[in-house]
Amino acid sequence: MRLLFAFLFLSSSLSAQLITGAYDFQDDPAKKYALYIPSNYNETIPSKVIVGLHPWNTSKWDAESWAEELSELAELNNTILICPDGGEDGQIDDDIDTSFTTFLIDQVAMNYNLSLDSMYLVGFSWGARTVYTYGLTHKTKFAGFMPIGAAVELPVVEDLIQDVEQLPFYIIHGNLDNPGVRFYPIRDALQEAGACVETNLLSLVGHTIDFPDQLNILNTGFQWLLDNNCSATSSLIEVEVPVLLSKHVFTQGEFLQFQSFQKETFEVFNLSGQGVLKGAAEGINLDFPAGSYVIHIENNKAYHIIIR
């Protein structure tokens, strides 16, 4: 497979990279792809991975535009994003496309330090349909699945829903997007087969990825996939850590109110590791330049936030 070309773009964060390129693959002499490398990527630490599958609308969506769409989610979670392209017909579940997805993951793993036990499959519309069809035929590759507004009916995937015990799915769907056909039947079939399923049926949302509060909703789903305890056994002792942030995306100058509504000792760092603020308060005035930050709260986990 011959690498044809690759371009490098800088995002708003100086060290983040959106990379596009193509391979001579099967009968396509220029099979396209896009990668997003987050600004805090460290080649000595295995990186979580999102494999993003784009929708079917060739006037708007391809590997590059879908990588741009998911780049904030990847940046927020310090996760490498891998997006194959669906070719001229835009349907990313053709045989050449699914073969290329597997090939592309292997190629990226040769050039970046990937945590192959922490790969997650995310897609919208036809891409979400492929989250089911490709994901369920390659389920040992992925730690979790997030189909969004899947353009699919149960008969397409029914025969694939087997050996899915404890397999994590976070399903996002609009309640105006034919949920009686595209949402409930597949959800129920997965649950009956033993999959670990969480859902978010969005009120007054049709077939769109541009729903209100999109990034926080996607991040909630991704965090669930990262943190889910589907495989927990009774021998494990879980210690509950309070969640002190209600969201992770803010506007510049906004007040971040801790959910504990009491003083918390905190320190804020930029992604270069430099401290920009510390103190003890019930919240933080986010009077910082737009960008990504990490907030460490004493006796709690660190939180990654984006200021727009």
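Above this text you will find the structure in question.
Residues numbered from 1 in each chain as written. Predicted model: local features only at pLDDT ≥ 70, side-chain atom pairs only at ≥ 80, totals over all residues. Heavy atoms only, no water.

Re the packing of aromatic side chains
- In this structure the tally under the stated criterion is 18 aromatic pairs.
- Each ring, one from Y41 and one from Y112, has its centre 5.7 Å from the other, and the planes form 70°; the classification is edge-to-face. On the criterion of sequence distance, the pair formed by Y41 in the loop between β3 (28-37) and β4 (47-53) and Y112 in the loop between α2 (95-111) and β6 (114-124) is long-range, its members being 71 residues apart.
- Residue Y41 is classed as partly exposed on the basis of its relative accessible area of 21%.
- Between F183 and Y184 the ring centres are 4.9 Å apart and the planes differ by 70°, which places this aromatic pair in the edge-to-face class.
- A relative accessible area of 2% means that F183 is categorised as buried.
- We note R129 situated over the ring of W126; from NZ or CZ to the ring centre the distance is 4.3 Å. (Phe/Tyr/Trp six-rings, centres within 6.5 Å; stacked < 30°, edge-to-face > 60°. Helix = DSSP H or I, 4+ residues; strand = E, 2+ residues; numbered from the N terminus. Buried < 20%, exposed > 50% of the residue type's maximum accessible area, 1.4 Å probe, protein only. Lys NZ or Arg CZ within 6 Å of the ring centre and 35° of its normal.)

What about the nonpolar core?
- The biggest cluster of nonpolar side chains holds 43 residues, and the ones touching the most others in it are I82, L121, Y132, F142, I161, F169 and L190.
- Looking at which element gives the most residues to this core, the answer is α2, with six residues.
- L121 has contacts with V51, L53, T130, V131, Y134, G135, F142, G144, F145 and M146, leaving out every residue within four places of it along the chain.
- With 36 residues, the next largest nonpolar core counts L18, I172, L218 and W224 among its residues. (Core = buried A, V, L, I, M, F, W, Y, C linked by side-chain atoms within 4.5 Å. Contact = heavy atoms within 4.5 Å.)

Re helix α6 (residues 184-192)
- Every buried residue of α6 is listed here: I186, A189 and L190. Along the long axis of α6, the arc covered by the buried residues comes to 100°, so they all point the same way.
- Those residues of α6 hidden inside the fold are in contact with α3 (126-137), α4 (154-157), β8 (168-174), α5 (179-182) and β9 (196-202).
- Looking one or two residues past α6, G194 carries a phi angle of roughly 100°, positive in sign. (Arc of directions from axis to C-beta.)

A few points about the packing of helix α1 (residues 63-76) against helix α7 (residues 214-227)
- Closest axis-to-axis distance for the α1/α7 pair is 10 Å, and the angle between their directions is 50°. By the angle between their directions, the pair α1 and α7 is classed as oblique. Crossing of α1 over α7 shows right-handed handedness. Between α1 and α7, the contacting residues are E69, L70, E72, L73 and L76 on the first element and Q214, L215, L218, N219 and F222 on the second.
- When the residues that make up the contact of α1 with α7 are grouped by side-chain class, the tally is six nonpolar, two polar and two charged. (Axes fitted to C-alpha atoms, helices over the stretch in contact; angles between N-to-C directions. Parallel < 35°, antiparallel > 145°, perpendicular 65-115°, else oblique. Left-handed = near helix turned anticlockwise from the far one by under 90°. Nonpolar A, V, L, I, M, F, W, Y, C, P; charged D, E, K, R; others polar.)

Things to note about empty space enclosed by the protein
- Using the criterion set out here, one finds one cavity of 30 Å³ or more in the structure.
- Approximately 40 Å³ is the volume found for the largest cavity.
- In terms of lining, the largest cavity is formed by 13 residues, of which the most central are G149, H173, G174, G206 and T208.
- For the lining of the largest cavity, the element with the highest residue contribution is β8, accounting for three residues. (1 Å grid on protein atoms, 1.4 Å probe; cavity = no way out; pocket = protein on both sides within 12 Å on 5 of 7 lines; lining within 4 Å. Points joined across faces, edges and corners; volume = space filled by probe spheres on them.)

Brief notes about the pattern of salt bridges
- Tallying each qualifying case throughout the model produces seven salt bridges.
- With a shortest N-O distance of 3.8 Å, D62 and K32 are connected by a salt bridge. Linking D62 in the loop between β4 and α1 with K32 in strand β3, this pair joins segments that are 30 residues apart in sequence.
- With relative accessibility at 36%, the residue K32 sits in the partly exposed group.
- Between D93 and R129 there is a salt bridge, with the nearest N and O atoms lying 3.6 Å from each other. With a gap of 36 residues between them, D93 in the loop between β5 (80-84) and α2 and R129 in helix α3 connect regions that are remote in the sequence.
- The class for D93 is partly exposed, based on a relative accessible area of 21%. (Salt bridge = Lys/Arg side-chain N within 4 Å of Asp/Glu carboxyl O.)

Honestly, that's just the spatial picture; any functional story needs more than this.
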